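Each chain, written out:
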Amino acid sequence: MAAALESPPLVPAVATAIGSLPHTDAREAAQLVLETHPQFPTAPQLPTRTPLEGMVAQWARALPEVTVGHDGSISVREVTNEPPVPIFHADAHGGLLTFLDVAASNGARPPRVKVQIAGPLTLGLALDHCGLPAAQAFRRGGEAARAWATAVEDLVHERLPGTALVLFFDEPALVAWRRGDAPLGHEDAIDVLSGALAAPACPTGVHICGAGDRRLALEAGPQVLGIEVEDDLVDDADVLARHLEADGWIAWGAVPTDRPVGESVEPLWRALVGVWCELTRRGCDPVRLRTQSIITPACGLAGHGPTQAERALRLARDLAHRVHDQAIAARLTLGA
C-alpha cells in the first residue's frame, strides 16, 4: 500500500518542466530541477547523455517485439501479443532513477514530482512507421503506455513515499490528428489515450508540443492539459472552458523553447495575460484560468545549451510567482 501523501498533487501556480534537458550528467540535471522547482520538480530525460533516453526508445523497449538500437532507433522483429515488460534500466532511465535517488537523499523531499512518458498514440505511430498494421501498432502502444504508467507509479511510491506523483503522457503525435492524416480514427484514438490515462491511480496529464489536436486530448479526459501559450488557443476556448469548469488543470507552456529568451519575465507575463484575457472573452472563467494553472516551458529543453535550459526553468519559476500573486488577487476580488 502506498504511503499517505503529505501534500496534494496539484496546487495553484507552481512551476515545473516538461522533461528533456541537454545535460550529460544525470546528477547535475537532478540537482538543477530540484533546486529550481522545489515544489514540483520534473524527472529529467537526458537524450544527449544517451540516445536510449530518447522519448520513443526509452518506452517502446518494454515491448518484446521491439529492438532498440544504440542510436535510439527502434525496429519490430515480429508480431506478438506477449505482454509488455516495463523494466527500468540505468542506461535508458538514468535521468529518472538518478532524480529519485537525489530527491530521496535531500533533507527536504519535494511534496510532489512530475514524470513524463511517451503517450500511447506517439508509441503507436512509431510502431506504425516500423511496419506494424495500424490496429496492432496502436493496441501495442496503448499496452506499453499503460504498463509503464503503473510501473512509474509504483517506482515513485517506493523511492519517495509520501510524495505525490503527477504522470504526463507526451503526445507529439497529436499533430497528425490535427492535420487529418493519422492512421487511426478520431474515436479510436480517444479510446487508446483514455485507456492510458486511466491506468495509474495518480493524477494524469497530456502534453501537446506544437500544433497538436487539443480537442482530442481533452476528450480523452486528462486531469491536466499541457499546452503552449499561443494566440490560436482562442479557437479551443469552448473546450478549455469546459475542462476548467470540470476542475481540470492547464499547464501553460509560457516560456518559449523555439527561440532564445532573455532574462526578463515581463514579456512572458504580458503574453500569458493577453491569452487569458482573450479566453475570458470567449467564456473561460478568469479565476479558474489562474488558480487551476501550472507554469512550464513550452516544450522539452534537450535541444538547447545547459545555460539556456537553466534560464528557461528559472523563468518558469519566476512567472509562476507572478501567477500565484494574481491568483490570490483574483480570488479576493471575485469572491472565489
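Look up: the structure comes first, before these words.
Everything numeric here is computed off the predicted structure, so don't read it as measured data. (Residues numbered from 1 in each chain as written. Predicted model: local features only at pLDDT ≥ 70, side-chain atom pairs only at ≥ 80, totals over all residues. Heavy atoms only, no water.)

Peer 1: What am I meant to see in the state of the cysteines here?
Peer 2: As used in these notes, a disulfide is a covalent bond between sulfur atoms, one from each of two cysteines. A full pass over the atoms with the stated rule returns one disulfide. Put simply, C209 and C299 are joined by a disulfide, and their sulfur atoms are 1.6 Å apart. With the S-S bond torsion at 120°, the cross-link from C209 to C299 turns out right-handed. Of this pair, C209 sits in the loop between β6 (204–207) and α8 (214–219) while C299 sits in the loop between β9 (293–297) and α12 (306–334); the two residues are 90 residues apart in sequence, bridging distant segments of the chain. On the accessibility criterion, C209 (26% relative accessible area) is partly exposed. (Disulfide = S-S within 2.5 Å. Helix = DSSP H or I, 4+ residues; strand = E, 2+ residues; numbered from the N terminus. Buried < 20%, exposed > 50% of the residue type's maximum accessible area, 1.4 Å probe, protein only.)

Peer 1: I keep staring at the pairing of strand β7 (residues 224–228) and nothing clicks. Help me out?
Peer 2: Look at any regular strand and the pattern is simple: side chains alternate between the two faces of the sheet. With five of five residues buried, β7 lies mostly within the body of the structure. The alternating pattern of β7 places V224, G226 and E228 and L225 and I227 on opposite faces, both of which are buried. Bridge analysis of β6 against β7 gives three bridges, and the strand direction is parallel. Looking at the pairing, V206 lines up with L225 of β7. (Pairing = 2+ DSSP bridges.)

Peer 1: Please explain the sheet that holds β6 as it appears in this structure.
Peer 2: Adjacent strands of a sheet form backbone hydrogen bonds with each other and so pair up, either parallel or antiparallel. An order of β1-β9-β8-β7-β6-β5-β4 is seen for the seven strands of this open sheet, with the pairing classed as parallel. In the strand order of this sheet, the two ends are held by β1 (14–15) and β4 (112–118), each with one partner.

Peer 1: Any chance you could explain the pattern of salt bridges here in plain terms?
Peer 2: Here the idea is simple: oppositely charged side chains can pair when their charged atoms come close. Evaluated as defined, the whole model comprises 20 salt bridges. Between R159 and D101 there is a salt bridge whose closest N-O contact spans 3.1 Å. Residue R159 is found in helix α5 (residues 134–159), and its partner D101 is found in helix α3 (residues 94–105); the two are separated by 58 residues along the sequence. Taking the shortest distance from any N to any O, the salt bridge between R311 and E263 comes out at 3.1 Å. (Salt bridge = Lys/Arg side-chain N within 4 Å of Asp/Glu carboxyl O.)

Peer 1: Help me understand a negative patch on the surface in this model?
Peer 2: Negative charge collects at one region of the surface, where E187, D188, D191 and E219 lie side by side. Residue contributions to the negative patch peak at three residues, all from helix α7 (residues 186–197). (Patch = residues over 30% accessible without salt bridge, like charges linked within 9 Å, V, L, I, M, F, W, Y side chains within 5 Å. Areas by Shrake-Rupley, 256 points an atom, 1.4 Å probe, with all protein chains shown as cover. Lys, Arg positive; Asp, Glu negative; His and termini not counted. Charge placed at Lys NZ, Arg CZ, Asp CG, Glu CD.)

Peer 1: Would you mind showing me how to read unusual backbone geometry here?
Peer 2: Working note: non-glycine residues mostly have negative phi, and peptide bonds are mostly trans. Positioned with a positive phi, A13 is a non-glycine residue whose angle comes to about 55°. Note on placement: A13 falls in the segment before β1. The exposure class of A13 is buried, given its relative accessible area of 7%. One non-glycine residue, D247, lies in the positive phi region at around 70°. Here D247 lies in the loop between α9 (237–245) and β8 (249–255).

Peer 1: What's the story with α9 in this structure? I'm lost.
Peer 2: Three or four residues apart is the spacing at which side chains of an α-helix point the same way, because the helix has 3.6 residues per turn. By the burial criterion, the buried members of α9 are A237, V239, L240, A241, H243 and L244. Packed against the buried residues of α9 are α8, β7, β8, α10 (266–281) and α11 (286–291). Just downstream of α9, D247 is the residue with a positive phi angle, here 70°. (Contact = heavy atoms within 4.5 Å.)

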